[in-house]
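Listed below are the residues making up each chain.
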2 protein chains.
Amino acid sequence: MKKTVLFIFFFCVLAQAQDIESPSKKITLHFAISSTGVPTYSVSYSGKKIITESTLGILLKGEKSLDNHFTLIQQDNKSVDEPWNPVLGEQKTIQNRYHQVTFFLLQNETNRKMNICFKIYDEGVAFRYEFPKQENLNYFVISEEHTQFNLTGNHKTFWLPGDFDSQEYPYTESKFSDINTDLVDKNNGIGLKSIAGNFVVQSPLMMKSNDGIYINIFEAAVVNYPVMHLDVIPNEFRLGSHLVPNTLGDKAYLQTPCTSPWRTIMISNDARDIVSSKMILNLNEPSKISDTSWIKPMKYVGIWWEMHVGNSTWDYAGSQNAQNAADGQLKPTGKHGATTGNTKKYIDFAAKNGFDAVLVEGWNVGWEDWFGNWKENVFDFTTPYPDFYVKEVTDYAQSKGIKMIMHHETSGSVANYERHLDRAMELMKQYGYPAVKTGYVGRIIPRGEYHDGQTMVNHYNYIAQRMAENKLMVNSHESSRPTGYSRTYPNYIAAEAARGNEFNAWSVGNPPMHETILPFTRLLGGPMDYTPGIFEIKMSYYNPTKKEQVHTTLAKQLALYVTMYSPLQMAADLPENYERYADAFQFIKDVAVDWQESKYLEAEPGDYITVARKEKNGERWFLGAITDEHARMTTLKLDFLTPGQYYDATFYEDGETADWKKNPKSYSVTKMRVTNTSKIILHLANGGGTAISFKPIFN
Amino acid sequence: MKKTVLFIFFFCVLAQAQDIESPSKKITLHFAISSTGVPTYSVSYSGKKIITESTLGILLKGEKSLDNHFTLIQQDNKSVDEPWNPVLGEQKTIQNRYHQVTFFLLQNETNRKMNICFKIYDEGVAFRYEFPKQENLNYFVISEEHTQFNLTGNHKTFWLPGDFDSQEYPYTESKFSDINTDLVDKNNGIGLKSIAGNFVVQSPLMMKSNDGIYINIFEAAVVNYPVMHLDVIPNEFRLGSHLVPNTLGDKAYLQTPCTSPWRTIMISNDARDIVSSKMILNLNEPSKISDTSWIKPMKYVGIWWEMHVGNSTWDYAGSQNAQNAADGQLKPTGKHGATTGNTKKYIDFAAKNGFDAVLVEGWNVGWEDWFGNWKENVFDFTTPYPDFYVKEVTDYAQSKGIKMIMHHETSGSVANYERHLDRAMELMKQYGYPAVKTGYVGRIIPRGEYHDGQTMVNHYNYIAQRMAENKLMVNSHESSRPTGYSRTYPNYIAAEAARGNEFNAWSVGNPPMHETILPFTRLLGGPMDYTPGIFEIKMSYYNPTKKEQVHTTLAKQLALYVTMYSPLQMAADLPENYERYADAFQFIKDVAVDWQESKYLEAEPGDYITVARKEKNGERWFLGAITDEHARMTTLKLDFLTPGQYYDATFYEDGETADWKKNPKSYSVTKMRVTNTSKIILHLANGGGTAISFKPIFN
């Protein structure tokens, strides 16, 4: 009897519809429960609706769904405003400031509980589903999530087709109502595509309303859950969650207590608020690594681009049959890149130019037929080719103060990788490799799984965890795009998980606007190993018949080291190319990769980005400015510099006739003395950029 | 031009239909290519057709099939007669004697090659498909194998329903025409069933024709290939291969050069020729382990049956939530079996009675909710429960000269097991565990795979290989039934892979005829860890409300140590039960587990088996005789004993009123002096048996 009274009491005090504001009051979340018990929410920005009434709910396999007949039985409100220091990052300290409200819902007829927790930040709203431990819900299978994001107009969008296996597409810029994956040129160099349908796009989805509001829909802390793509109803301006399935059509296998990832909606009238937001990182769990002293930023070179341009090969024998290795039948073609001798040259170059590390791809047996055959046992991750002496290479690197970066290409055969992981890490520790680049090119084994499904998300996270246990850093390629997990496992220093620079070498490539969008999308979830720094821009340099090129000027390649944040940055071009452009190369040698603070000075998705960053543990600043295919002039105030301090500024700019297509290698390097009261005018060429280093002058 | 001439030459000399005989000429294989280029075969025994014309062929996914338009372009014939010595076995030396012919086939229109290799033994025929390395066939996916086994009449059959996940069924004895899996009582205690259809049975399939010919259809050397079940056309007496798929419907992912397993047809008019055949082992590759000195037979006891009878539990906390372990929330129920103290009692018992080893199940965290939830991360294989001190236990065992057997229950989550395997083996080596019992109870993860599919076959073989690399022995439960792989990896000392004694404790159990069929089916592929030796036969002993019982007499439990060959034999009952029947227990203490030679004296599938074996490295003989539900009297000559040698024979026989149901524990132990000229008369009760030990008397 008493219990009933208590219930009535709750019904009395808990409003079934409520507004909660962000700390600055700019953003307002409205939560309500409909007359049929469906939870809904909407979001306003400065009093204007951005997300109209949208339903929330979860469909379960073989059980009644968790999407209606709910009543609100309790709620918790709290405010948080706390700083934390990332191990590596764009800024030394990140503030985590939001208002939180958790709605405790009861589905009366099944006596099951589900909570919906909202965090309202000044730059957006995040929410997630929480499934508390309870008698009537223990193990369950999610067959779909019914989360809507209903928009208010026909926004401009930058989208990738919803693909369960790849995010390596160029962005399509279109009106919301025009979204249709038929628009995407499929002859784009992507080896494995699993497009989910005409009206499915990926998150993060970057948008801009006709009245200048920037909106970004994404997710954070994807852990033990599949990636969320988005269903699109083009003419109704509606979006809905589309979770990546496995081949059985199941989305997530869960056990209470557990939660969904955070669904995020960032909103601002200033694009810089989106691109500089740390909301995704903030929504992840704090670091689980107590001693992080071994996690270091790295600038590196590697045996890699020479394979992309066709100068050498990953494979040793070119025999199209890796099984020959077992018979000792591998006969060298003479084009193998990862030889002991070649590696030593890269080590020499790295040591001479102040780099931290050298990556070597193609060092291990298996590359003869590694891709495209859905083959389980390709690599063993421990057997080097006969012309690569691990001990000789690592001894030599150590004598030069250079770290070696291990390479684990799985060819999608994850089952095989997990089987060999402990032995592969043992080898790394034996020879002192501090970091690994992983790769997942190809159809996934276990067969029936996709790159972005729950099983694979768990795999990538597992690798980060196991590497952390062994004090090893990870740079993950072809994995699902990060959602801030590098806060929890800071050894997960970078990932690719988007269309990287490499596509320019052998496909239609990345249009000049590509790098102006990535910071609004892919980079929100964590650093990207984009591999900038290509100086020999046209592939005809290597082979006169080739038409491919990087869609850039040389100066823009330098600017990318600043605009594309990563604590792991490659100088991707060949050493000999850098030697021929030593004055430009100086910027790559100088630029920092870990930062005290970052100031986004200008930003417009698809058009341009300008950012200034101050190095961590130093007084130097670096500035990067890039544009899309259009030339651009801009005036910048240097008020971010320390007042009263003089700086030697070195400008790496597009030459007067520079043009990404016609004259990409035209650049100038000039020096100027500046202070924080200086103004500078930048001229960016079509597809161009500017990089500047500011070194304080001390007497 | 020369090539064409050569071709014509081949066409001239190669008969498109041929007969090949076994060494004794009892068995004749007939091979032919039909007018449409379909390879076919038939088999005769003593001039009588046993297999009528049956087609051979392979269907490929997305490619023209390899099942017609073949021409014979070459053939190789050879004879082999060579002995080899198994590391552990029923006999010290095995003779491998057969006539071999390989037919080299060319599919003209696709220019693809496939060979069919036959080995004709005196007790049967084996053949396999071989896919040589070739230009037009590299990677391929088998979507079905079209191998027929067309019979000549309505034989008696002993069959299990075709199930992709379990062989733990009792056999159904029926006419071939009556085969229908609807006949099978599904309330049989099997936790996970995936029955393929009404007219699919498992191999090995044991049959007997109306005129007394015994026929067995099975396979050997299943490596990188799924298990073969058999499609049945009941009224036409036809059988066809039915390979176990994965969830995508694919059967096998292969790359040339490769082969199928051997398909085997054993034939004899004497059932003893089938049960004693070593054809399956002979068809496997020789041992890949060079130093086998660490592979030892083992008689063992363990903390196991006490859980089956309900005296104790595998789990520590009974909380139905293993995740509690992470929170330190496991509260003991007091019923946990695998405690340090209880283990020491078993070690004491083992040491006192001359056993080699002790198995402990339930030692590690995870048993709270280990089964039935398709949960990925159940066990980590290294974390003991708080009341099981690994070091204390292993130190104690070592001080008593007892080996500990590790237990790795995977709950079907193979992905998780493979991830932890290296660390799990590290623990075993650290504490000196020489062997592991593995378990696969539950739906397989990777999700979409079956216990008997290619992926899992590869897993079981992988475990054998990895354990071998670490000098560890494996006893695999709920894995696919062995097909002789223990020849290649002799550390794979035993497996369950059939309905074991345990089912008697908590289900309808195993009918008395069960153990008279297993040697004709399951045991052909390798030793079984059947876990005999149950003295307290009725479960009402533990709980008056229970009606379950072992379908046996006590004496039959002793006879099983001889009739069910395994180099790993458990004394499965509780120590206190053995202490109450010390005179009967003496046989278990005495019986050998590795043999110099074995003589099958009598055998009839479904009715009885009598076998005598001589221990390896000793002069003792042991005899086991068992019957089905019918009492049996038999007279045996002891002419297998050494001439002129006197033996003390101890007879462990059913008591006069013994009966598996009414009076199972009635037995007698008597002694007699015998020589090789003695005759003995055995009286086996309903469901009973006799065990005899023969110890030579030296002056």
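Residues numbered from 1 in each chain as written. Chains lettered and ligands numbered in written order. Predicted model: local features only at pLDDT ≥ 70, side-chain atom pairs only at ≥ 80, totals over all residues. Heavy atoms only, no water.

## Considerations on the overall build of chain A
Part 1 of the reasoning: Along chain A, the regular secondary structure elements total 14 helices and 36 strands.
Part 2 of the reasoning: For 699 residues, the compact-globule estimate of 2.2 N^0.38 gives 27 Å, and chain A sits close to it at 26 Å.
Part 3 of the reasoning: Dimensions along the principal axes, computed over C-alpha positions, put chain A at roughly 85 × 70 × 50 Å.
Part 4 of the reasoning: Within chain A, residue pairs in contact and separated by at least 24 positions form 71% of the contacts whose partners lie at least 6 positions apart.
Part 5 of the reasoning: Total accessible area computed for chain A in this model is approximately 24100 Å², and 49% of it derives from carbon and sulfur atoms.
Part 6 of the reasoning: Between the averaged position of the 70 positive side-chain charges in chain A and that of its 79 negative side-chain charges there is a distance of 3 Å. (Helix = DSSP H or I, 4+ residues; strand = E, 2+ residues; numbered from the N terminus. Rg over C-alpha atoms; globule rule 2.2 N^0.38 Å. Contact = heavy atoms within 4.5 Å. Areas by Shrake-Rupley, 256 points an atom, 1.4 Å probe, with all protein chains shown as cover. Lys, Arg positive; Asp, Glu negative; His and termini not counted. Charge placed at Lys NZ, Arg CZ, Asp CG, Glu CD.)

## Focus: the side chain of Arg499(B)
All names here are of chain B.
Part 1 of the reasoning: Examined against the element boundaries, arginine 499 turns out to sit in the loop between strand S27 (494–495) and helix H10 (503–506).
Part 2 of the reasoning: One buried charge, arginine 499, has no salt-bridge partner; the nearest side chain with opposite charge is glutamate 168, at 6.9 Å.
Part 3 of the reasoning: Within the structure, the side chain of arginine 499 is placed 3.0 Å from the backbone oxygen of asparagine 188, a separation counted as a polar contact.
Part 4 of the reasoning: Within polar-contact distance, the side chain of arginine 499 engages the side chain of asparagine 510 at 2.8 Å. (Buried < 20%, exposed > 50% of the residue type's maximum accessible area, 1.4 Å probe, protein only. Salt bridge = Lys/Arg side-chain N within 4 Å of Asp/Glu carboxyl O. Polar contact = N/O pair within 3.5 Å; in protein donor to acceptor, adjacent residues only side chain to side chain.)

## Remarks on the environment of Thr438(A)
Residue and element names in this part refer to chain A.
Part 1 of the reasoning: Its location among the elements puts threonine 438 in strand S25 (residues 435–439).
Part 2 of the reasoning: Residue threonine 438 is classed as buried on the basis of its relative accessible area of 0%.
Part 3 of the reasoning: Once the C-alpha coordinates of threonine 438 and serine 413 are considered, the two residues, 25 residues apart in sequence, prove to be 12 Å apart.
Part 4 of the reasoning: When sequence neighbours within four positions are dropped, the list of residues in contact with threonine 438 reads His408, Tyr417, Val474, Asn475, Ser476 and His477.
Part 5 of the reasoning: There is a polar contact of 3.5 Å between the side chain of threonine 438 and the side chain of serine 476.

## Some points on the pattern of salt bridges
Residue and element names in this part refer to chain A.
Part 1 of the reasoning: In the structure shown here, the tally under the stated rule is 78 salt bridges over all chains.
Part 2 of the reasoning: Residue aspartate 122 is joined to arginine 97 by a salt bridge in which the shortest nitrogen-to-oxygen separation is 3.1 Å. In this pair, aspartate 122 is assigned in the loop between strand S8 (112–121) and strand S9 (124–131) and arginine 97 in strand S7 (residues 94–107), connecting sequence segments 25 residues apart.
Part 3 of the reasoning: Judged by its relative accessible area of 22%, aspartate 122 falls in the partly exposed class.

## Considering the domain arrangement of chain A
Residues and elements named next belong to chain A.
Part 1 of the reasoning: Taken domain by domain, chain A holds domain 1 (3–282) and domain 2 (298–591).
Part 2 of the reasoning: With centres defined by C-alpha atoms, the gap from domain 1 to domain 2 works out at 33 Å.
Part 3 of the reasoning: Contacts between the two partners involve 55 residues from domain 1 and, on the opposite side, 48 residues from domain 2.
Part 4 of the reasoning: Between domain 1 and domain 2, a total of about 4000 Å² is buried, with carbon and sulfur atoms accounting for 62% of that surface.
Part 5 of the reasoning: In this structure, the connection of domain 1 to domain 2 is made through one salt bridge.
Part 6 of the reasoning: Between glutamate 219 and arginine 481 there is a salt bridge, with its nearest N and O atoms 2.7 Å apart.
Part 7 of the reasoning: Counting across the interface, domain 1 meets domain 2 through 20 residue pairs in polar contact (both at pLDDT 80 or more).
Part 8 of the reasoning: Elements with a minimum of two residues in the side of domain 1 that touches domain 2: strand S16 (214–220), strand S17 (228–233), strand S19 (252–255), helix H2 (271–275) and helix H3 (279–282). (Domains from an automatic or database assignment. Buried area = accessible area lost by both parts, 1.4 Å probe.)

## Structural notes on the packing of aromatic side chains
Residue and element names in this part refer to chain A.
Part 1 of the reasoning: Applying the stated criterion across every chain yields a total of 76 aromatic pairs over all chains.
Part 2 of the reasoning: On the numbers, 6.0 Å between centres and 25° between planes, the contact of tryptophan 314 with tryptophan 367 is stacked. Here tryptophan 367 lies in the loop between strand S23 (357–360) and helix H6 (390–399) and tryptophan 314 lies in the loop between helix H4 (305–308) and helix H5 (340–352), a separation of 53 residues in the sequence.
Part 3 of the reasoning: Judged by its relative accessible area of 4%, tryptophan 367 is buried.
Part 4 of the reasoning: Measuring from ring centre to ring centre gives 5.5 Å for phenylalanine 349 and phenylalanine 585, while their planes differ by 25°; the resulting arrangement is stacked. Here phenylalanine 349, found in helix H5, pairs with phenylalanine 585, found in helix H14 (residues 582–590); they are 236 residues apart in sequence, far enough to count as distant. In terms of burial, phenylalanine 349 and phenylalanine 585 fall into one category: buried. (Phe/Tyr/Trp six-rings, centres within 6.5 Å; stacked < 30°, edge-to-face > 60°.)

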